[in-house]
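Structure at a glance
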Amino acid sequence: AEAVEAMRGPTPLTLRNTKLCKRVSGFGVYEPFGSYEFVAGREHRAIVYAEVDHFAVQPDDAGRFEVQLQQEVTLFNEADGLAVWKQPAQPIHDLSQRKRRDFYNVQMVTLPANLGEGKYRLKVRVTDVHGGTVDEATLPISLIADDTSRGINGPASPMDTPEPELTDSQRD
């Protein structure tokens, strides 16, 4: 398989299965939000989960394998396309004894309380530092007026928001 890949050339990094989650336990083991509809005017904590394919792996001098990625998350207002919130780029550095086949990123985010009602797009952008490629995924988010009768993602008070939970290692 590696010989075929070498003949074809590198395949660009690809994001797969990007979700907003309440809990992540490992690769492919997560609890996503039932919808991406939240109450406006409140902070909302979530975990951005993204599976990554075709990432570059660089051997180091000690015989280990290194993956270097960078992930940034930006929220855009759908009405005008302007960025209304941004989480700074997060470096992801991984060393392993064996070459990784599966990889996933998790990043805790807190959407701010100062966002008004409306439709938004959460853009997740991952850069493969060694491979020099980038991919993006976009998740639609709606912020709506407080309506506890509809079962949306928003507690009666901000203090009722459960803390998102990461329970295992980040990569397999």
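Data block above holds the structure.
All values derive from a computational prediction rather than experimental measurement.

Quick notes on the rules
Residues numbered from 1 in each chain as written. Predicted model: local features only at pLDDT ≥ 70, side-chain atom pairs only at ≥ 80, totals over all residues. Heavy atoms only, no water. 1 Å grid on protein atoms, 1.4 Å probe; cavity = no way out; pocket = protein on both sides within 12 Å on 5 of 7 lines; lining within 4 Å. Points joined across faces, edges and corners; volume = space filled by probe spheres on them. Nonpolar A, V, L, I, M, F, W, Y, C, P; charged D, E, K, R; others polar. Salt bridge = Lys/Arg side-chain N within 4 Å of Asp/Glu carboxyl O. Buried < 20%, exposed > 50% of the residue type's maximum accessible area, 1.4 Å probe, protein only. Helix = DSSP H or I, 4+ residues; strand = E, 2+ residues; numbered from the N terminus.

Some words on empty space enclosed by the protein
Enumeration according to the criterion identifies one cavity of 30 Å³ or more in this entry. Taken as a whole, the largest cavity holds about 40 Å³ of empty space. Every residue lining the largest cavity is listed: Val39, Ala40, Gly41, Arg42, His44, Leu111, Pro112, Leu115 and Leu143. For the lining of the largest cavity, a count of residues per class yields six nonpolar, two polar and one charged.

A closer look at the pattern of salt bridges
Taken as a whole and judged by the stated rule, the model has nine salt bridges. Put simply, arginine 100 and aspartate 94 hold a salt bridge, and the shortest N to O gap is 2.6 Å. For aspartate 94, a relative accessible area of 6% gives the class buried. With a shortest N-O distance of 2.6 Å, arginine 125 and glutamate 136 are connected by a salt bridge. Here the residue arginine 125 occupies a position in strand S9 (residues 118-128), and glutamate 136 occupies one in strand S10 (residues 133-144), the gap between them amounting to 11 residues. Residue glutamate 136 is classed as partly exposed on the basis of its relative accessible area of 35%. Overlapping salt bridges bring together Lys123, Arg125 and Glu136 as one network.

These figures capture arrangement, not role.
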